[in-house]
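Here's the letter readout for the chains.
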Amino acid sequence: MRINARATLVALVPALLLAAVGCSSTNAPATGRSPDPKGSEGSAAGAPGAPAASPDPAGSASPKTGGTKLERSALAQGDLPGYQISAQGKNPNAPDGQPQADKKACQPLADIMGDKPDPAARETVNRGIGSQKQMGLAVSASVSSYSESDAKALISRLKAAVAACGTGFSATVDKQTGSYREVRAADYRTSGDESVSWTTTAAGQGVSAQVHLVVVRQGDTVVRLMALNVAAAQQKTQVPQEVTDKQLEKVRKAG
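What you are looking at is a predicted structure, and each value in this text was computed from that prediction instead of being measured.

(A) The pattern of salt bridges, seen in detail. Under the counting rule described, the total for this entry stands at eleven salt bridges. In this structure, Lys250 engages Asp79 in a salt bridge whose closest nitrogen and oxygen atoms are separated by 2.9 Å. Here Lys250, found in helix α6 (residues 241-254), pairs with Asp79, found in the loop between α3 (69-73) and β2 (83-87); they are 171 residues apart in sequence, far enough to count as distant. Asp245 is the partner of Arg189 in a salt bridge, and the nearest nitrogen-oxygen pair spans 3.6 Å. Remark: Asp245 occurs in helix α6 and Arg189 occurs in the loop between β8 (176-185) and β9 (194-204); sequence separation between them is 56 residues. Under the relative-accessibility criterion, Asp245 is labelled partly exposed at 26%.

(B) Structural context of the packing of aromatic side chains. Overall, the coordinates contain one aromatic pair when judged by the stated rule. With centroids separated by 5.2 Å and ring planes inclined at 25°, the aromatic side chains of Phe169 and Tyr180 adopt a geometry described as stacked. One end of the pair, Phe169, is in strand β7 (residues 169-173); the other, Tyr180, is in strand β8, and eleven residues separate them in sequence. The class of Phe169 is buried, set by a relative accessible area of 4%. With relative accessibility at 2%, the residue Tyr180 sits in the buried group.

(C) Main features of the state of the cysteines. Following the criterion strictly, the structure yields one disulfide and no others. The side chain of Cys106 participates in a disulfide bridge whose partner is Cys165; the two sulfur atoms lie 2.0 Å from each other. The chirality of the disulfide connecting Cys106 with Cys165 is left-handed, given an S-S dihedral of about -115°. Here the residue Cys106 occupies a position in the loop between β4 (100-101) and α4 (107-112), and Cys165 occupies one in the loop between α5 (148-164) and β7, the gap between them amounting to 59 residues. Here Cys106 matches Cys165 in class, with each residue buried.

(D) Local environment of α6. For α6, which comprises 14 residues, the first-to-last C-alpha distance of 20 Å matches the rise-based estimate of 20 Å (1.5 Å per residue) to within 8%. Taken together, the buried positions of α6 are Val243, Thr244, Gln247, Leu248, Lys250, Val251 and Ala254. In a view along the axis of α6, the buried residues occupy a sector of 155°, so they form one face of it. Tucked inside the fold, the buried residues of α6 contact α3, β2, β5 (123-131), β6 (137-145), β10 (207-218) and β11 (221-229). Phi for Gly255, located one or two positions after α6, is positive at around 105°.

Calculation rules
Residues numbered from 1 in each chain as written. Predicted model: local features only at pLDDT ≥ 70, side-chain atom pairs only at ≥ 80, totals over all residues. Heavy atoms only, no water. Salt bridge = Lys/Arg side-chain N within 4 Å of Asp/Glu carboxyl O. Helix = DSSP H or I, 4+ residues; strand = E, 2+ residues; numbered from the N terminus. Buried < 20%, exposed > 50% of the residue type's maximum accessible area, 1.4 Å probe, protein only. Phe/Tyr/Trp six-rings, centres within 6.5 Å; stacked < 30°, edge-to-face > 60°. Disulfide = S-S within 2.5 Å. Expected span 1.5 Å × (residues − 1). Arc of directions from axis to C-beta. Contact = heavy atoms within 4.5 Å.

Here is the structure:
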C-alpha cells in the first residue's frame, strides 16, 4: 500500500488499531498521526525477519506488568512469541467526543471502535499488537472492567446490533465521518463466558480495509480484540486464536 493511502487508511480504521498500523512494512516508516474516532495511537509491530519497530515518541510505551488487576490482565511484551506488544498513548490530534452512529441500532458498534467498549466501562487498558510472523497484521486488545450485569448487557447489545446493521452504518465525531459496510457475524471460538464476533469493511476517502472484531465477557471483565492487515487491506483477516487465548488466560489468572 502506498504511504499516502496508508495515511488515509489509519484515519478510517477503528481507533485502537492505530497502535499497530504504523509499522506494518519493512519498506516504509510509520505514518504521522491521523485523527480517529475517540483517538488512541501508539506503535507496535514488525514483519517476518525484521527488527521490532521503535516506540512512537508521542507516547507509546512498554506495557506495565504490575499495578491494578486490570493492568495485570492486559497483555505484556513476552507473553506472545512472534508479536510485539505496546501500551498506547493518547493521540493529541484526535477529535474529542463520543462517536455518533447514523442509525440508533448501530450505536453499540460505533462505541466499540473507541477508547473503551462503551460508556459503562469503569476502566479500560489498551494494548497494540504487531505480528512479526504475518506481514501487516495489526491487532488491538483491550480489557475493561464492568459490573457483571453491565458486561452481560454489552454482549447482548452487540449481538443485536450485528444482527440489525448488516447493511452498514456511519459514525461521526467532530465533523469527521467513517463508514462501516457489510457487518457480518463471524464464527470464532473463545473460552470466555460469552462472546460475539463480526467482520466489517471500514471505508472512506477512496480506501477501505477489512476488519475483524471479537468481544468476550469473562465474569465482569470484557475483552475486545480488533484486527486488520495493513499490508493487504482488502484481504480478509482474523484475530489470531493464540492472541485471544492468551488474553483470556491472563484475565483468569488476574482473578
